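# Structural features, examined
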Amino acid sequence: MRGTSGESLAQARDRFEPVLRSAGEGALALGEQLFAVTAAFDGSAPLRRSLADPSRSGADKAALVSAVLSSGFDERVVDLVVGLVRSRWTRETDLADATERLGLDAVLASAEARGALEKVEDELFRTSRALVGQREARQLLSDETTDPDRRAAFLKALLGGKVDPVTEVLAVHATRALRGRRFVPTLGWIGEVAAERRQRLVASVTSATVLSQAQLDRLAGLLERAYGRAVQLNVTVDPAVLGGLRVQVGADVVDSTVLSRLADARRRLAS
């Protein structure tokens, strides 16, 4: 999110952070309520347009959202959303996107408050990797034509109560609120948000063989020097790459796998 919308979201996050610190583990409930607000925005185009309309006064929009959230919502959530609708947004959909992002911040802050944020980040990655060979499961979890409650129930059965409660909340949100996305990439994005909260970059590493701890430490050191920040390595072993490494940090990709070099050689021969 960039431009005016990016500035509005950044300001909202700055205002919300002290609230999350104060809420501690209770920030989980705030996050779940913000997910509910996101769903309300997604489900009502007229409401979304009204709240993102730059020609409508901030006081008018604040009154509308206060009325919509008058029952059952924490006053801290209401205050936050009132601030959001008073802000300016480049696109009307940016308001819902910002609300979801603040919901993620809240849920992750609850894990951080009890020292479980790194565990949650790792479980999100492991959940996505566990689905690599389960095509039908991935399709179901990303199928917008399937009832969201059924997708959520299916995912909970897969997780089997073996993950942190925050991991389950985030994973269920990823399938219940697809928002035009696919489940596994959404888990990856949420993992990046978690890493950002820990002030770390995420490097997705694909290797043909299991890397030793010394190799992992060396790779992490190289990346940390290159990017000037701590780096979280998410490593996948894939014998199909034959040899070498593929490392992706954000939009940056370094691919030195044998398979990649063979593909490049074939392209050169064909040209």
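Here the structure is a predicted model, which means the values were calculated and not measured. (Residues numbered from 1 in each chain as written. Predicted model: local features only at pLDDT ≥ 70, side-chain atom pairs only at ≥ 80, totals over all residues. Heavy atoms only, no water.)

## Topic: the sheet that holds strand β2 (residues 230-237)
Strand order in the open sheet formed by 4 strands is β2-β1-β3-β4, with mixed pairing between adjacent strands. In the strand order of this sheet, the two ends are held by β2 and β4 (252-255), each with one partner. Recorded for the sheet is a direction-independent mean angle of 15° between the axes of neighbouring strands. Where strand β3 (residues 245-249) meets β4, 4 bridges bridge the pair, whose relative direction is antiparallel. The partner of Val249 across the bridge, within β4, is Asp252. (Pairing = 2+ DSSP bridges. Helix = DSSP H or I, 4+ residues; strand = E, 2+ residues; numbered from the N terminus. Axes fitted to C-alpha atoms, helices over the stretch in contact; angles between N-to-C directions.)

## As for the nonpolar core
One finds Phe16, Phe41, Val81 and Leu102 to be the most contacted residues of the largest nonpolar core, which totals 29 residues. Listed by contribution, the elements that provide at least two residues to this core are α1 (3-23), α2 (27-43), α3 (45-52), α4 (58-68), α5 (75-86) and α6 (92-113). The element contributing the most residues to this core is α5, with 7 residues. Residues in contact with Leu102, not counting those within four places in the same chain, are Leu9, Ala12, Arg13, Phe16, Leu34, Leu80 and Leu84. In this structure, Leu117, Val120, Leu187 and Ala194 belong to the second largest nonpolar core, which totals 27 residues. (Core = buried A, V, L, I, M, F, W, Y, C linked by side-chain atoms within 4.5 Å. Buried < 20%, exposed > 50% of the residue type's maximum accessible area, 1.4 Å probe, protein only. Contact = heavy atoms within 4.5 Å.)

## Here we look at unusual backbone geometry
Where the residue is not glycine, phi is negative for most of them; where a peptide bond is considered, it is trans in most cases. Its identity as a non-glycine residue notwithstanding, Arg179 has a phi of 55°, on the positive side. Take Arg179: it is sitting in the loop between α10 (165-176) and α11 (183-197).

## Side note on α1
Between its terminal C-alpha atoms α1 stretches 30 Å, which fits the 30 Å expected from 21 residues at 1.5 Å a residue. For α1, the set of buried residues is Ser5, Gly6, Ser8, Leu9, Ala12, Phe16, Leu20 and Ala23. Against the buried residues of α1 lie α2, α5, α6 and α11. Where α1 ends, the next residue or the one after it, Gly24, has phi of about 60°, a positive value. (Expected span 1.5 Å × (residues − 1).)

## Quick look at α5
In a regular helix each residue adds 1.5 Å, so 12 residues correspond to 16 Å; α5 covers 16 Å between its end C-alpha atoms and thus fits that length. Three or more residues of α5 are buried, namely Val77, Val78, Leu80, Val81, Val82, Gly83, Leu84 and Val85. Where α5 is buried, its residues contact α1, α2, α3, α4 and α6. Its side-chain oxygen at 2.7 Å from the backbone nitrogen of Arg76, Asp74 defines the N-terminal cap of α5. (Polar contact = N/O pair within 3.5 Å; in protein donor to acceptor, adjacent residues only side chain to side chain.)

## A look at the pattern of salt bridges
Taken as a whole and assessed by the stated rule, the structure comprises 19 salt bridges. Two residues, Asp122 and Arg126, come together in a salt bridge whose shortest N-O distance is 2.7 Å. Separated by 4 residues within a single helix, Asp122 and Arg126 lie in helix α7 (residues 117-130), roughly one turn from each other. Residue Arg126 is classed as exposed on the basis of its relative accessible area, which comes to 54%. Three or more residues joined by partner-sharing salt bridges are found here, namely Asp42, Asp97, Glu100, Arg179 and Arg181. (Salt bridge = Lys/Arg side-chain N within 4 Å of Asp/Glu carboxyl O.)

Limitation: the analysis is restricted to geometry and does not speak to function.
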